[in-house]
Amino acid sequence: MNAIVLDKVNKWYGTMHVLRDISLTVATGEKVVVCGPSGSGKSTMIRCINRLETHQEGSIVVDGTELTDDLRSLDTIRREVGMVFQSFNLFPHLTILENCTLAPIWVRKMPKAEAEALAMSYLERVKIPEQAKKYPGQLSGGQQQRVAIARALCMRPKIMLFDEPTSALDPEMIKEVLDTMIGLAQSGMTMVCVTHEMGFARQVADRVVFMDRGEIVESGPPSTLFEAPKTDRLKLFLSQILRGD
Amino acid sequence: MSDRTQPPAGLVGPIPWLRKNLFGSWISTAITLLLIYLIAKIVIALFAWGVVNAIWRVPYNQNGIAQTAICQDAKGLGACWAVIGDKYRLILFGRFPYDEQWRPAIVVVLFVALFVLSTIKAVWRKGIVSPAVRYIALAGAGLILLDNLAGLLETIAAVGFGQHLPLPFDLLAILNTVGKCLLIAGLLLLWPAIGVWVGTLALILVLMFGGILGLAPVAVDYWGGLPITLILATFGLAFAFPIAVLVALGRRSTQLPAVKMLCVVYVELIRGVPLISVLFMASVMFPLFMPPGINVDKLLRAQIAVILFAAAYLAEVVRGGLQALPKGQTEAADAMGLSYWQKTAFIILPQALRLVIPPLVNTFIGFFKDTSLVLIIGLFDLLTMGKIALSDPPWQSFSTEVYITLAAIYIVFCYGMSRYSRGLEQELNKARGR
Amino acid sequence: MSATAADPRVTAARKAPKRRMRVSWSDPRFRALVWQFIILGIVGGIVWYLVFNTNKNLAARHIATGFAFLHRVAGIPIGESMISYEPSVDTYGRALWIGVLNTLKVAGIGMVLATILGTLIGIGRLSGNWLMAKLTGFYVEVMRDIPLLLQLLFWYTALQGLPAPRQAWRVAELMDGATFHLFHETFANWQFGSGMLLSNRGSRIPILNWEPADNWILAAFVVGAIGTFLWNGHANRRQEATGIRPKVWPVAFGLLLVLPLAVWAGFGAPLNFEIPTLRGFNFQGGGTISPEYFALLLGLVLYTAGYIAEIVRSGIQAVAQGQWEAAGALGLRRGAILRHIVLPQALRVVIPPMTSQYLNLTKNSSLAVAIGYQDVVSIANTTLNQTGQAVEGIAVIMAVFLTISLSISLFMNWYNAHIALVGR
Ligand SMILES: Nc1ncnc2c1ncn2[C@@H]1O[C@H](COP(=O)(O)OP(=O)(O)O)[C@@H](O)[C@H]1O
Ligand SMILES: [Mg+2]
């Protein structure tokens, strides 16, 4: 079954047409990496998938549920899809453990003890169980992002979305977050990941999607796309990325 | 290198400090000398007036009337503090029955204790959230409800059918009191801060009204002085605050434009007019609003006016906090599937309110001072009692002494609160700078 | 990417489609609509209930609603008015208008004086002189911790404690030794200081008798101001064209100060003040400041200055030290840094809170009613007591203050936008 199906999705901000006929299918268990220049609509697309943004034309079906103006479909989607942000967005007034148990308790209606056990198991998986009683402000950026991943996993989502999870990190912390994500990929999670980490894309991505100016310009397995780009736009983009490395 | 860990001797100690801060330049030196001269003159004059030449006690004639002739003679040379000694009970507690004035005295102490407790961080933490505690609070609420329900039925029966119900009202009243205690105890355990506030305010009302626990009942007309000032300001804050939070949320609503409009109009209308016009409204228009035959007590009317007024200002303060929250916080909450009210209660308000404590305290200081305006509509707050004390013929010409005393009371409260808010602000700034 | 080609996202002809609302509880827009109807319904119901009760109560008391009473003859005695008024002849409308003017008179002058005093104290708080900084800090704290109403009552009683007109204090006599000598030497010939009288019936101040010569002096000042303005523009153009800025201040000094003084001297240096003097039990001549107005103005200015001082202080401190250093590193002089770097930034920080202080001062002027200065609140209060038109009386008060608040807000917003452009 397909986890995500985007069919001719269009979105406007005012008169600006930021997503133009986006069609993309992600199979269950598939890992898709989205790349493209800044402002090309990557975040907008990925945020449409869990309806932080609403699309205006076309259809999005996530895990068999179509995203519409229906609050019931919204509730379903938000439970099934986890999201990790560029700026972590941990809740600074709650401890790490409380950050992780909040949604299971209030959205999944899980008993507190069970939620805490679950949270601890995910915190162990991202290798920071000892920080559970601390507050986000006391953790490093890399640790915070790993907590954010654990927090999203605590909802037991079927799909995980990542929006540039390593862009706000210092270089020495990028690896620990990427390792966590690789581990997650190996466990069979369906993942859509906006990132410019080419190494990560090569290692885990089943498919890389290149976006520019609100369109999907090219897509394919990482090796094909990176070694033999077809369009000038992708060539230019790759040259800029590599120069930046 | 150990000898370099200390700054050179010429840079520390009192002499260099003086040279830098008082005599840094010719102008600075001139200013310092001029100011020292002026301060010395004023302090000496005040000391002579307020202490050396002051009169602390006056004789009374056989009718108990103060003989203020010596004060009159000393006028301009020395203060007549005897007026305070004669009138302080009237100023502080108004016309509250003299023998019962220990009650308002305790009330003042309770208010101060409430303020002090509120500054302790542990009080604001979450308490013991366990089902047992929740049931205690719910049981308390249930008992109170039971009594009120019986009262309602009784009223309906009496008014509608002219009959009395055979209910055990004495027992119900006792159960009601027990229920209130249980509710407050439950709240104290669940959310200590809310419990402390509800409990203290309830206790204050009990002490002021009396009528239970063997306390003599005292009508509102006899309340006066400092308790009135404290009640108007504190109850005003306590009731205005929830309204303010709702209004601030409403004003930021994107989904409900009509509600947003309503909140904007309310806030801007209230903030555009002086408090005195709202108080006039409460005193002359409010009776017109009520159905004929219903009389609302003057203090309650003023209290409602203060609440409505305070809510508009507090709403703006709260809105400032809401705006300061990064957008990512709400997005993360949305992405987790929290509902609007869950998101607001668990993510937004706890952070936003923490940010706005300093401006909140400053706004409260403003209300505390502004309650003095009820003088104009004839309520007996601290300032009014001062004026009433001055209307006693023997003391008529000693307003300066009374006003200075009143000012000192206000300064004690306001300065304490503003010190606290500044301390918090610095703490927040430090946390933000980190 | 290739920014040269036209961006299809902007030029694309396709527009966003409009969505229809479904009549279903699970459509958020429908839900929002229902909630709004419910909330507006509740609020509307409450308002309707209050209006219903009010109408019933008014009918029971035989009070006609409406503003017809404004045309009725008012029996309010008014002590101080900027336009002519005769009790029992003029209308309530005119009485209220006088109240509005009195409010504006105290608020307008109060704002100017409070700004001046507040700025001085705010600068004093940043003074390098420790004593000065502490003293001004003490002032701010005390002013902000005592209710304004208490301060007003204090000043009002203090003014009433002044002697009766017969023994009125002369300002000049209040000064001691050396100060008096200096003051006397300077002003005695003009009888200026000795002409300022303080009494419990109000303060008398000398007023200038307007003479033809004064017209010429005024004209000279206006000419000087226009000349300065033109010269400043010329200096700007020269600076743009050649890079060298001609000096402006000597020209400004000459045109604004020396020129009018020269004209004045040319007319024989006339100075004709009308000095108040005591005739019988009261004064003659000069201008009056009533004790009510004086106490209100004094209280408002001293109180508001405490708040303005804090705004000025934080405004100046908000401009980071780095700005001074960066500008200094560019080689700008102190004056240029202040004019082009620091002031524009400080003003932008200062203007919003300053606006709310001006609004507060205006609203606080309504405390006039407590000491008997007849501002609009006081006169409206008397009116509603005499006529029973409570609703209309309070509506008048609110309308007046909302208008003033709105005007001040609009003006300050305009000014803010203006300096935001200049400061960029
Ligand atoms: N809330 C918004 N309002 C208006 N325009 C927006 C908004 N968010 C994003 N945009 C615009 O939409 C385009 C796509 O943005 P985004 O999806 O954030 O790009 P990316 O994540 O690829 O850098 C950009 O041109 C951006 O300026
Ligand atoms: Mg992005």
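For the structure itself, look to the data block above.
So, a few notes on the structure that sits alongside this text. Given the structure is predicted, the values throughout are model-derived calculations rather than measurements. (Residues numbered from 1 in each chain as written. Chains lettered and ligands numbered in written order. Predicted model: local features only at pLDDT ≥ 70, side-chain atom pairs only at ≥ 80, totals over all residues. Heavy atoms only, no water.)

For chain A, the helix and strand inventory stands at nine helices and 10 strands. Each principal axis of the C-alpha atoms in chain A carries an extent, and together these give about 55 × 45 × 35 Å. Counting across all 245 residues of chain A, residues that qualify as buried make up 59%. Residue pairs at least 24 apart in sequence account for 65% of intrachain contacts in chain A once pairs closer than 6 positions are excluded. Accessible surface, chain A as shown: approximately 9800 Å² in total, 51% of it carbon and sulfur. Treating the 29 positive side-chain charges of chain A as one cloud and the 30 negative ones as another, the clouds have centres 2 Å apart. (Helix = DSSP H or I, 4+ residues; strand = E, 2+ residues; numbered from the N terminus. Buried < 20%, exposed > 50% of the residue type's maximum accessible area, 1.4 Å probe, protein only. Contact = heavy atoms within 4.5 Å. Areas by Shrake-Rupley, 256 points an atom, 1.4 Å probe, with all protein chains shown as cover. Lys, Arg positive; Asp, Glu negative; His and termini not counted. Charge placed at Lys NZ, Arg CZ, Asp CG, Glu CD.)

Before going further, it helps to spend a moment on the overall build of chain C. Regarding its fold elements, chain C presents 15 helices and eight strands. With 424 residues in all, chain C has 38% of them scored as buried. Pairs at least 24 residues apart make up 68% of the contacts formed inside chain C by residues separated by at least 6 positions. Accessible surface, chain C: about 23400 Å² in total, of which carbon and sulfur atoms supply 66%.

Here we come to the site of ligand 1. Taken together, Tyr 13, Met 16, Val 18, Pro 37, Ser 38, Gly 39, Ser 40, Gly 41, Lys 42, Ser 43 and Thr 44 of chain A together with Arg 9 of chain C make up the full set of residues near ligand 1. Nearby residues place ligand 1 at the junction of chains A and C. Within the side chain of Tyr 13 of chain A, an N or O atom sits 3.5 Å from a nitrogen atom of ligand 1. Thr 44 of chain A places a side-chain nitrogen or oxygen 2.5 Å from an oxygen atom of ligand 1. (Near = heavy atom within 4 Å. Polar contact = N/O pair within 3.5 Å; in protein donor to acceptor, adjacent residues only side chain to side chain.)

Moving on, we get to unusual backbone geometry. All names here are of chain A. Within the chain, Asn 89 stands out as a residue other than glycine whose phi angle is a positive 55 degrees. Phi at Lys 127 is positive, roughly 65 degrees, even though this residue is not glycine. Checked against the element boundaries, Lys 127 lands in the loop between helix H4 (112-125) and helix H5 (141-153).

By the definition in use, this model includes 19 aromatic pairs over all chains. For the ring pair Trp 49 of chain B and Trp 81 of chain B, a centre distance of 5.9 Å and an interplane angle of 70 degrees mean the geometry is edge-to-face. Placement of the pair is Trp 49 of chain B in helix H2 (residues 26-52) and Trp 81 of chain B in the loop between helix H3 (69-74) and helix H4 (82-93), with a sequence separation of 32 residues. The exposure class assigned to Trp 49 of chain B is buried, which follows from its relative accessible area of 18%. Overall, Trp 81 of chain B belongs to the buried group, its relative accessible area being 17%. Seen in terms of ring centroids, Phe 154 of chain C and Trp 155 of chain C are 5.3 Å apart; in terms of plane orientation they differ by 75 degrees. Their pairing is edge-to-face. Of the residues examined, Trp 155 of chain C reaches a relative accessible area of 24% and is grouped as partly exposed. An aromatic cluster of three or more residues is present, and its members are Trp 49, Trp 56 and Trp 81 of chain B. (Phe/Tyr/Trp six-rings, centres within 6.5 Å; stacked < 30°, edge-to-face > 60°.)

Listed by partner, the interface residues are 17 residues for chain B and 22 residues for chain A. At the boundary of chain B with chain A, total buried surface from both sides reaches about 1600 Å², with 63% on carbon and sulfur atoms. By the criterion of area lost to chain A, the three top residues of chain B are Ala 335, Met 336 and Phe 346 of chain B, representing 36% of everything that side buries. The tally of links from chain B across to chain A stands at one salt bridge. For Glu 331 of chain B, the salt bridge identified is with Arg 47 of chain A, shortest N-O distance 2.7 Å. Applying the counting criterion to the chain B and chain A interface returns seven residue pairs in polar contact (both at pLDDT 80 or more). Put simply, the parts of the chain that give the side of chain B that touches chain A at least two residues each are helix H14 (327-336) and helix H15 (340-355) of chain B. (Buried area = accessible area lost by both parts, 1.4 Å probe. Salt bridge = Lys/Arg side-chain N within 4 Å of Asp/Glu carboxyl O.)

What follows is about the interface of chain B and chain C. Frequently, the measure chosen for interface size is the accessible area that the parts lose on association. Opposite the 54 residues of chain B that make contact, chain C presents 49 residues. Between chain B and chain C the total buried area reaches about 4500 Å² when both faces are included, carbon and sulfur atoms providing 74% of it. Linking chain B to chain C there are one salt bridge. Notably, a salt bridge pairs Glu 141 of chain C with Arg 422 of chain B, separated by 3.0 Å at the nearest N-O pair. Viewed at the interface, chain C and chain B are joined by 15 residue pairs in polar contact (both at pLDDT 80 or more). Those elements giving two or more residues to the side of chain B that touches chain C turn out to be helix H1 (14-21), H2, helix H11 (257-272), helix H12 (275-289), helix H17 (382-390) and helix H18 (399-433) of chain B. Top element by residues in the side of chain B that touches chain C is H18 of chain B. It accounts for 11 residues. Split into classes, the residues belonging to the side of chain B that touches chain C amount to 38 nonpolar, 10 polar and six charged. (Nonpolar A, V, L, I, M, F, W, Y, C, P; charged D, E, K, R; others polar.)

This part takes up the sheet that holds strand S1 (residues 2-13) of chain A. One open sheet holds the four strands; their spatial order is S2-S1-S4-S5 (chain A), and the pairing between them is antiparallel. If you trace the sheet from one side to the other, it starts and ends with strand S2 (16-27) and strand S5 (65-66) of chain A, each paired once. (Pairing = 2+ DSSP bridges.)

Attention shifts here to a nonpolar patch on the surface. Residues and elements named next belong to chain C. On the surface, Trp 25, Trp 35, Ile 38, Ile 39, Ile 42, Val 43, Ile 46, Val 47 and Val 51 cluster together into a nonpolar patch covering about 790 Å² of accessible area. With respect to the helices and strands, Ile 38 occurs in helix H2 (residues 28-60). For Ile 38, a relative accessible area of 40% corresponds to the partly exposed category. (Patch = residues over 30% accessible without salt bridge, like charges linked within 9 Å, V, L, I, M, F, W, Y side chains within 5 Å.)

It is worth spelling out the state of the cysteines at this point. All names here are of chain A. Here the structure, examined in full by the defined rule, presents zero disulfides over all chains. Take Cys 48: it sits in no disulfide, and the sulfur closest to it among the cysteines is that of Cys 193, at 18 Å. Taking the relative accessible area as the measure of exposure, Cys 48 reaches 1% and is therefore buried. (Disulfide = S-S within 2.5 Å.)

All names here are of chain A. The six strands are arranged S6-S7-S8-S3-S9-S10 in an open sheet whose pairing can be described as mixed. The open sheet has two edge strands with one neighbour each: strand S6 (81-84) and strand S10 (215-220). Between one strand axis and the next, the sheet turns through 20 degrees on average, direction left out of account. In this structure, strand S3 (residues 31-35) lies alongside strand S9 (residues 207-212), joined through four bridges in parallel fashion. Each bridged residue has a counterpart across the sheet, and for Val 32 the counterpart in S9 is Arg 207. Sheet strands in contact with helix H1 (residues 42-49) are S3, S6, strand S7 (159-163), strand S8 (190-194) and S9, and its direction is about 155 degrees off that of S7. Relative to S6, helix H2 (residues 71-80) is tilted by about 60 degrees, and along the sheet it contacts S6 and S7. (Axes fitted to C-alpha atoms, helices over the stretch in contact; angles between N-to-C directions.)

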